[in-house]
Structure formats: structure tokens, C-alpha cells
Amino acid sequence: MSMPSQPPSNGVPQAVPIPLSIETDVNLKPYNTFALPAVAKRLVRIREAADVRRVVDHPELGRAPKFVLGGGSNLVLTKDVEAVVLKVEIAGIRLLEERDDAWIVEAGAGVVWHELVTWTLDHGFPGLENMALIPGTVGAAPVQNIGAYGIEVKDRLEAVEVMDLVTGRPALLPAEVCRFGYRDSVFKHSDFGGLAGKSVITKVRFRLPKPWQPVLGYLEIERKMAETGITAPDARQIYDWIVAVRRAKLPDPAVIGNAGSFFKNPVVTAEQCKDIIGRDPGIVHYPMPDGSVKLAAGWMIDACGWKGKAVGGAAVYEKQALVLVNKGEARGAEVVTLARAIQESVYGRFGIRLEPEPVVV
């Protein structure tokens, strides 16, 4: 006969551990912005950092392969997922600290990125406005080192809080150990000290510099300045402009399935760029501070005649050649086939091999 549970001798009630909610055979179509069909054999919702420790300590899940899923905005699913899917849903945004030279804002990894950008402006902490309306979650932002209109996450990142998937222990990683590159970080690699598949990002801290300085210079922003006559826009004005620009040229994933920009803009040497300009004088390019040149992948894809073309249910968006879309019933294999065809076409004309941004599973 089992005995009733007894209160602790000091009279203080003990917190009861919240059991993991393990879901089986979960349809992942609503959880990836491309709306591609796939099934997760097992899925666990991570609503707090302690949930990661519970997974690690679980007798069955602890040793099983893991797949970390945030907003699913940088993902191409080509098959069902056998690994345990950790759906990161950690919420919360707060001003962690105010310094003389910066505001330090902390956000849960499950927060929608655009909601964070909006929150910081609403509370008087500018600095993320150039990255408004980028799809995805806060936890995915440092993995991909997302960026737009002259700013990348690495420029504003203070530290990343992670939980180890083997030990369940937390760690706070400063920006300098995250090995940030163009759409790259330590979180995308598993070798040479990489953390892919070895940790889960639970919170991210951002350093928003004081005094605020606008980041201008991109063509779309310059056009808005010319149209409006506003030569010294504040952070909210820049935010409004970028939201308008992105909505005009990029499809809303809630309406048309997509993963945003599908290919990275390739970076070449000045000599390579000069050679390409000799053959294609109109190519859109951006000189970089280190002397290299970033080429506009969307322009090259468009120049090869891909805008609006399709393979099965996957197509190149008619308003922006850098974006691949799901016309309704696309499968992951069709997206991959279309992407490879575009890569071959661009390589044949420009000698440049485009690199996809999304993770293909």
C-alpha cells in the first residue's frame, strides 16, 4: 500500500517538477514557413530552460538524436524527422541592464524576431530597426547571424545563453566566441568546437549602443529619403521604411509559403567583380569594408531568367528572384530540385556557385 506524500519537515512546500509533454506523430507543416509536409515522430515543447535538462535526464529521450526547431523560417523539410524535435517556445523580453554606453535587452529564444524589434523601439531602445520584419525567432537569429540593410546580429549581440544537450548545464557565451561570419556562426557547425546539435539556445542578450546612430546607405533607404525629403530619419522612421520595403517585395509566409531569401549573396574579390562587370555591366554589387565585393544573388538569378519559373509546386517568386515559394502543395524535394537548377544556371553564366541559406533536412 502506497503512503500519502508528506510535507517537508520545515513546512515549506516543495515545487513539483513539471513533466515533459511528449507529442507523437506531429504534423510539421504549420511549424515551417515553407509549409512543407513532414512528420515529427516525437516532439517536445521547450517553454523554459529547465525543459532542456528534463529532456537530457529523460530515460528514452536523453540519448536520442535531437533536432532543434524555432520558427521554422530557415528550413526545407524533405522527409519526416526521426530525431526528437525540440520546439523552442521560451518567451519573455526585458531590459536587463542600462549602461552609460548601451542598453542590454534580453529575450527568450522563442520570441518572434520582429516582435522583439518592435518592442525595443516601443520602449525607447533603438538599434535593431534595420532588421525589422526578418522572419524567424530570436533563438535562430545568432545561428544564422541574420542581417539586413547594413546591420547583422553580430553587431548588436552581447551574449547567448545555451543549454548543453549532453550535460543539461547552462552556459553564457559572449559574442566573441560565437565565430560569427556572413550568415554563419559556431551554432551552424559540429566540428572544430562547433555547437550544432550539441546545445540549445534559450535566451539572447543584445547590446544596443548609446547614443543611437542611424545605419543608412542602402539603395532602398536612400530612395525613401529622396521620396519623403527626410534626410535625418529617426529609428522609428527607418523601421517603417524597411517594413514597407520588405512587404512590397517579399511574400508573407502566412499567405505564400517561403523561407525568405533562399540564397546567400556571394562575396568575391575586387578582381573577380571587375571581371564579371566586364561581361555584365549592370550587375548589382556592394563594396565591402575589407575590399571584397558582395554581389546581389537575386539580380543574377533574375538575369538567368528564373523569375516566375517553377518545378512542381515550388517556384521562384515573381516579385523577387531571391525568394523561392510554395505554390500550394510543394514538397521539399521539389524545392531542392529547383534550387539546384538555379545554382547550375548561375554558375554557367557567372562562374559563381550560389550557397543556399536554409537548412535542408
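Residues numbered from 1 in each chain as written. Predicted model: local features only at pLDDT ≥ 70, side-chain atom pairs only at ≥ 80, totals over all residues. Heavy atoms only, no water.

Asker: Explain the packing of helix 4 (residues 219-228) against helix 5 (residues 235-249) here, please?
Answerer: When two helices pack together, their arrangement is given by the angle between their axes and by how far apart the axes lie. Relative to each other, helix 4 and helix 5 sit at 115°, their axes nearing to 10 Å. What the angle tells us is that helix 4 and helix 5 run roughly perpendicular. The two elements helix 4 and helix 5 cross, and the hand of that crossing is right-handed. Taking contact as the criterion, the partners of Glu220, Ile221, Lys224, Met225 and Thr228 in helix 4 are, on helix 5, Trp241, Ile242, Ala244, Val245 and Lys249. For the contact of helix 4 with helix 5, the class distribution of residues is six nonpolar, one polar and three charged. (Axes fitted to C-alpha atoms, helices over the stretch in contact; angles between N-to-C directions. Helix = DSSP H or I, 4+ residues; strand = E, 2+ residues; numbered from the N terminus. Parallel < 35°, antiparallel > 145°, perpendicular 65-115°, else oblique. Left-handed = near helix turned anticlockwise from the far one by under 90°. Contact = heavy atoms within 4.5 Å. Nonpolar A, V, L, I, M, F, W, Y, C, P; charged D, E, K, R; others polar.)

Asker: How should the packing of helix 2 (residues 113-122) against helix 5 be read in this particular structure?
Answerer: The contact between helix 2 and helix 5 brings their axes to 10 Å, and the two run at 155°. Between helix 2 and helix 5, the interaxial angle falls into the category roughly antiparallel. Where helix 2 crosses over helix 5, the two elements pack in a sense that is left-handed. Residues His114, Val117, Thr118, Leu121 and Asp122 of helix 2 touch helix 5, and the partners they reach there are Ala235, Arg236, Tyr239 and Val243.

Asker: Looking at this structure, how should I read the side chain of Asn258?
Answerer: Topologically, Asn258 is positioned in strand 13 (residues 257-261). Among the polar contacts listed, one links the side chain of Asn258 to the backbone oxygen of Ile256, at a separation of 2.9 Å. In this structure Asn258 touches Thr33, Phe34, Pro251, Asp252, Pro253, Val323, Leu324 and Val325, once residues within four positions along its chain are discounted. (Polar contact = N/O pair within 3.5 Å; in protein donor to acceptor, adjacent residues only side chain to side chain.)

Asker: I keep staring at the sheet that holds strand 12 (residues 199-209) and nothing clicks. Help me out?
Answerer: Strands belonging to one sheet form pairs held by backbone hydrogen bonds; the direction of such a pair is parallel or antiparallel. Pairing in this open sheet of five strands is antiparallel, and the strands run 6-7-12-10-11 from one edge to the other. In this open sheet, the two edge strands, each paired with only one partner strand, are strand 6 (93-98) and strand 11 (170-174). Between one strand axis and the next, the sheet turns through 25° on average, direction left out of account. The pairing of strand 10 (residues 157-164) with strand 12 spans seven bridges and is classified as antiparallel. Across the sheet, the residue bridging to Glu161 is Lys203, located in strand 12. Against the sheet, helix 1 (residues 49-57) contacts strand 10 and strand 12, and its axis sits at roughly 30° relative to strand 10. Packed onto the sheet, helix 2 meets strand 6, strand 7 (102-108) and strand 12 and runs at close to 50° relative to strand 6. (Pairing = 2+ DSSP bridges.)

Asker: I'm lost on the sheet that holds strand 16 (residues 293-295) in this one. Help?
Answerer: Ordered by their spatial adjacency, three strands build an open sheet running 14-16-15, and the pairing between neighbours is antiparallel. The sheet terminates laterally at strand 14 (267-268) and strand 15 (285-287), the two strands that pair on one side only. Across two bridges, the pairing between strand 14 and strand 16 is antiparallel. Each bridged residue has a counterpart across the sheet, and for Val267 the counterpart in strand 16 is Lys294. Running over the sheet, helix 6 (residues 270-279) touches strand 14, strand 15 and strand 16 and is turned about 45° from strand 16.

Asker: Would you explain the packing of aromatic side chains in this entry?
Answerer: How two aromatic rings sit relative to each other is set out by the distance from centre to centre and by the angle between their planes. All chains considered together, the criterion is met by eight aromatic pairs. Note on Trp113 and Phe206: the rings are 5.6 Å apart at their centroids and 65° apart in plane angle, and the pair reads as edge-to-face. Here Phe206 lies in strand 12 and Trp113 lies in helix 2, a separation of 93 residues in the sequence. One exposure class covers both Trp113 and Phe206, and it is buried. Grouping aromatic residues by their ring pairs yields a cluster made of Phe34, Phe262 and Phe263. Sitting over the ring of Tyr347, Arg353 keeps its end group 4.5 Å from the ring centre. (Phe/Tyr/Trp six-rings, centres within 6.5 Å; stacked < 30°, edge-to-face > 60°. Buried < 20%, exposed > 50% of the residue type's maximum accessible area, 1.4 Å probe, protein only. Lys NZ or Arg CZ within 6 Å of the ring centre and 35° of its normal.)

Asker: Just to check I follow, could you spell out unusual backbone geometry for this structure?
Answerer: Glycine aside, the phi torsion of most residues is negative, and most peptide linkages are trans. Of note, the bond from Lys210 into Pro211 is cis; its omega dihedral lies within 30 degrees of zero at -10°. Here Pro211 lies in the loop between strand 12 and helix 4. For Asp25, which is not a glycine, the phi torsion comes out positive at approximately 50°. Mapped onto the elements, Asp25 comes out in strand 1 (residues 22-27). Although it is not a glycine, Ala35 adopts a positive phi angle of roughly 55°. Within the secondary structure, Ala35 sits in the loop between strand 1 and strand 2 (39-46).

Asker: Help me understand the nonpolar core in this model?
Answerer: Burial of nonpolar side chains together is a common tendency in soluble globular proteins. With 58 residues, the main nonpolar core has Trp113, Leu116 and Leu157 as its most contacted residues. Here this core takes seven residues from helix 5, the largest share from any one element. Other than its neighbours up to four places away in sequence, Trp113 contacts Leu128, Met131, Ile134, Gly136, Thr137, Val138, Ala141, Ile146, Val153 and Phe206. Listed in part, the 32 residues of the second largest apolar core include Cys273, Trp306, Ala321 and Phe350. (Core = buried A, V, L, I, M, F, W, Y, C linked by side-chain atoms within 4.5 Å.)

Asker: What am I meant to see in the pairing of strand 5 (residues 84-88) here?
Answerer: The side chains of a regular strand alternate between the sheet's two faces. For strand 5, a buried count of five out of five residues is recorded, marking the element as mostly surrounded by other parts of the structure. The side-chain alternation of strand 5 yields two buried faces, one formed by Val84, Leu86 and Val88 and the other by Val85 and Lys87. As paired strands, strand 2 and strand 5 are joined by four bridges and run parallel to one another. Residue pairing across strands places Ile46 opposite Val88, the latter belonging to strand 5. Bridge count between strand 3 (residues 66-69) and strand 5: four bridges; the pairing is parallel. Following the sheet pairing, Leu69 is matched in strand 5 by Lys87.

These figures come from the coordinates and say nothing about function on their own.
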